[in-house]
Amino acid sequence: MRPSAKLSPLSHRIRESRILSGALLLTAAGMASRVVGFFYRIFLSRTFGAENIGIYQLISPVMALAYSVSVAGFQTAISRITATTCAAASLSLPPAAGQKGGFTSAGRLRSFTVLAAGMLLSLGFSVCISCFVYLYADRIAVRFLLEERCTPLLKILALSFPVSAIHSCVNGYFYGKKSAAFPAFSQLLEQFVRVGTVLFLCSAFLAEHKSGTPDISIAVTGMVAGEIFSAVLALLYLWFCFQKEANAPASRDKFPMMKKAFSISALFPELFIMAIPLSAGRVIQNFLQSIEAIAIPERLRMFGLDTASALSEYGILTGMSLPFILFPTALTGSIAVMLLPAVSEAQALHQERTIARAVHRSVRYCLLLGFFCLVFFLLFGPALGKFVFHQEKAGSYLQILGFMCPFLYMNSTLASILHGLGKTMQSFFYGVASLLVRLAFVFLCIPAFGIKGYLWALLASQLLLSALQLLPLQKYLKM
């Protein structure tokens with residue numbers, strides 16, 4: 001067994017400060033984005049109505065499946081390989097030598113090459129999926145989503161898959177470098193472009209028709225516009241970074257030689273080995289989530305609701321109540337994103353105590369945040385539902401969903417730590433187990449208890465997932 005790499009206290013402080021500053025940047029951008037998204041949700045619910053929001057939410061499973069196949073695994077693989085490259089650089093040369101373009105210059109070029117290879121693979125998958133969804137949108141809508149009105153939405157959505165692959169892979173590269181400034185900045189701008197596009201199109205519709213309800217396809221068009229903007233911005237910033245590295249005095253002499261050192265095609269096997277299990281796991285999980293999303297309105301009809309009421313109930317829960325519950329994940333999600341490369345690097349350096357410290361802090365702070373949110377939603381849930389969305393049901397759902405907050409927020413960081421440790425298959429099986437519990441509640445409880453059966457399903461699945469994810473981390477919890 002290799003001994004742990006010894007880093008100076010200064011190096012530890014620098015690394016931890018980069019993780020903290022990256023998480024704070026992503027949190028600030030995420031919070032700002034969610035504040036904008038929060039008021040955007042209010043605008044959507046009042047402009048399009050609960051039934052149209054329910055139709056809009058029905059295309060989410062298709063979007064999630066496409067992302068899982070073409071993006072998720074490659075983004076994580078790029079981030080992890082970039083992080084281990086940085087760890088190898090820190091072992092090979094002292095910081096001063098690395099800054100002068102020794103191994104670090106070659107390491108940076110390898111990171112660029114990994115990004116290029118991952119992006120090519122991701123683009124190939126996403127273009128194929130985009131063509132499939134566009135050509136077979138009517139069949140997917142009728143046979144899979146059980147709602148014909150989703151057909152035009154799917155055709156518009158299909159245009160977003162390739163551009164989403166581009167900016168997600170670029171973000172994965174910067175996450176691996178623990179550089180969160182660009183992903184945070186692009187995330188916020190993407191939200192502004194999305195909301196601005198929808199506001200402009202709705203204003204144009206109302207100016208022409210004076211009254212009536214705009215088509216919900218406008219919301220999907222705004223989503224695609226935001227994705228295109230982010231992809232263009234990512235490519236421009238990446239080109240700037242590449243040119244800056246190529247023209248640096250320390251790298252200029254080595255650059256022609258280093259171009260031959262790494263082959264994009266030679267990296268395909270390494271990326272596949274890491275990305276395919278992640279993508280396959282995400283596909284199966286999202287497929288189960290898709291079954292769940294499609295089954296909920298159908299089971300609500302079995303409970304006694306008509307089609308419009310079932311879609312309205314689903315729209316209130318997923319479009320109004322859940323965004324409130326998920327709002328604090330801007331913080332926990334940012335921490336999770338920065339934890340994955342940090343844990344990968346610590347594992348490469350055999351620093352067990354660094355990993356243990358990450359586990360302890362994640363559990364402690366996420367539980368504190370979750371209990372605070374639980375009390376908040378218990379006290380103010382009904383008022384939020386009534387005065388924000390003008391839906392009393394949204395408030396009662398918030399009170400029940402509040403009980404899953406401590407476990408929901410902790411689970412995202414625990415999953416990231418497991419991925420950083422390379423325990424992707426374990427994490428996958430845990431996620432599948434929790435989803436199967438949710439599906440059991442959907443099929444058995446919703447016909448008997450209505451939408452409350454699904455609220456109980458969410459709580460039970462998050463409890464199970466927390467217990468399962470803590471099992472392989474017991475060694476670090478005891479340190």
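Everything quoted here is computed from the prediction, not taken from an experiment.

Brief notes about the overall build of the chain
Looking only at helices and strands, the chain features 20 helices and zero strands. Taking all 479 residues of the chain together, 52% fall into the buried category. Restricting the contact set of the chain to residue pairs at least 6 apart, pairs at least 24 apart contribute 84%. Accessible surface for the chain amounts to roughly 21,100 Å². Of this, 68% is attributable to carbon and sulfur atoms.

Some points on unusual backbone geometry
Positive phi, normally seen in glycine, also occurs at Leu146, with a value near 60°. You can call Leu146 partly exposed: its relative accessible area is 48%.

Quick word on helix H13 (residues 307-326)
Helical geometry: 3.6 residues make up each α-helical turn, so side chains three or four residues apart lie on a common side. For H13, which comprises 20 residues, the first-to-last C-alpha distance of 27 Å matches the rise-based estimate of 28 Å (1.5 Å per residue) to within 8%. For H13, the principal kink sits at Leu317 and spans about 25°. With 14 of 20 residues buried, H13 is to be regarded as a mostly interior element. N-cap assignment for H13: the residue whose side-chain oxygen lies 3.3 Å from the backbone N of Ala308 is Asp306.

Description of a nonpolar patch on the surface
Nonpolar side chains collect at one region of the surface, where Phe372, Val375, Phe376, Leu378, Leu379, Phe380 and Phe403 lie side by side and expose about 690 Å² of accessible area between them. By secondary structure assignment, the location of Leu378 is in helix H15 (residues 352-388). The partly exposed category is assigned to Leu378, whose relative accessible area is 34%.

As for the environment of Ala50
With respect to the secondary-structure elements, Ala50 resides in helix H1 (residues 9-58). Note: C-alpha distance between Ala50 and Leu317 (267 residues apart in sequence) is 10.0 Å. Look past the residues within four positions of Ala50 in its chain and what remains in contact with it is Ser45, Leu311, Ser312 and Gly315.

Topic: the pattern of salt bridges
The full count for this structure, using the stated rule, is seven salt bridges. Here Glu51 makes a salt bridge to Arg149, at a shortest N to O gap of 3.1 Å. Of this pair, Glu51 sits in helix H1 while Arg149 sits in the loop between helix H5 (137-144) and helix H6 (151-158), placing them 98 residues apart in sequence. Its relative accessible area of 29% is what places Glu51 among the partly exposed residues.

Some points on the side chain of Ser434
Checked against the element boundaries, Ser434 lands in helix H18 (residues 424-449). Ser434 has contacts with Ser461, Leu464 and Leu465, leaving out every residue within four places of it along the chain.

Let's talk about the nonpolar core
Counting residues in hydrophobic clusters, the biggest one holds 87 residues, and the most contacted among them are Leu154, Ile325 and Tyr454. Sorting elements by how many residues they give to this core places H15 first, with eleven residues. Those residues within four positions of Leu154 in sequence are excluded, and the remaining contacts are Ile59, Val62, Val133, Ala137, Ile140, Ala141 and Leu145. Core analysis: the second largest hydrophobic core is formed by 24 residues, Val114, Leu115, Met119 and Ala234 among them.

Comments concerning the packing of aromatic side chains
What characterises a pair of aromatic rings is the spacing of the ring centres plus the angle enclosed by the ring planes. For the structure shown, the criterion picks out 13 aromatic pairs. Consider the rings of Phe132 and Tyr136, whose centres lie 5.1 Å apart with planes at 35°: the pair is tilted. According to the relative accessible area criterion, Phe132 is partly exposed, its value standing at 48%. With a centroid separation of 5.1 Å and 70° between ring planes, the pair formed by Tyr173 and Phe174 is classed as edge-to-face. The structure contains a cluster of three or more aromatic residues connected by ring pairs, namely Phe112, Tyr173, Phe174, Phe182, Tyr237 and Phe240. Positioned over the ring face of Tyr134 is Lys155, at 5.7 Å from the centre of the ring.

Re the side chain of Thr151
Within the secondary structure layout, Thr151 lies in helix H6. Polar side-chain contacts of Thr151 include one of 3.0 Å to the backbone oxygen of Glu148. Discounting residues that sit within four places of it in the chain, Thr151 has contacts with Ala137, Asp138 and Ala141.

Digging into helix H14 (residues 329-348)
Taking 1.5 Å per residue, 20 residues should reach 28 Å; H14 reaches 28 Å between its end C-alpha atoms and fits that length. Remark: the principal bend of H14, roughly 30°, maps to Leu339, with a proline, Pro341, within the next four residues. Where burial is concerned, most of H14 is hidden: 14 out of the 20 residues are buried. Looking one or two residues beyond H14, the residue adopting positive phi is His350, at roughly 60°.

Quick notes on the confidence of the model for the chain
Scored by pLDDT, the chain has a mean of 81; 86% of the residues are at 70 or more. When mean pLDDT is taken per element in the chain, H6 scores highest with 93 and helix H3 (residues 95-99) scores lowest with 41. In this model, residues 1-14 is a region of pLDDT below 50 whose contacts with residues beyond four sequence positions or in other chains number 15 contacts. For the stretch residues 253-261, pLDDT sits under 50, and the model shows eight contacts to residues farther than four places along the chain or on other chains.

Calculation notes
- Residues numbered from 1 in each chain as written.
- Predicted model: local features only at pLDDT ≥ 70, side-chain atom pairs only at ≥ 80, totals over all residues.
- Heavy atoms only, no water.
- Helix = DSSP H or I, 4+ residues; strand = E, 2+ residues; numbered from the N terminus.
- Buried < 20%, exposed > 50% of the residue type's maximum accessible area, 1.4 Å probe, protein only.
- Contact = heavy atoms within 4.5 Å.
- Areas by Shrake-Rupley, 256 points an atom, 1.4 Å probe, with all protein chains shown as cover.
- Expected span 1.5 Å × (residues − 1).
- Bend = angle between axes of the 7 residues up to and from the residue.
- Polar contact = N/O pair within 3.5 Å; in protein donor to acceptor, adjacent residues only side chain to side chain.
- Patch = residues over 30% accessible without salt bridge, like charges linked within 9 Å, V, L, I, M, F, W, Y side chains within 5 Å.
- Salt bridge = Lys/Arg side-chain N within 4 Å of Asp/Glu carboxyl O.
- Core = buried A, V, L, I, M, F, W, Y, C linked by side-chain atoms within 4.5 Å.
- Phe/Tyr/Trp six-rings, centres within 6.5 Å; stacked < 30°, edge-to-face > 60°.
- Lys NZ or Arg CZ within 6 Å of the ring centre and 35° of its normal.
- pLDDT = per-residue confidence, 0-100.

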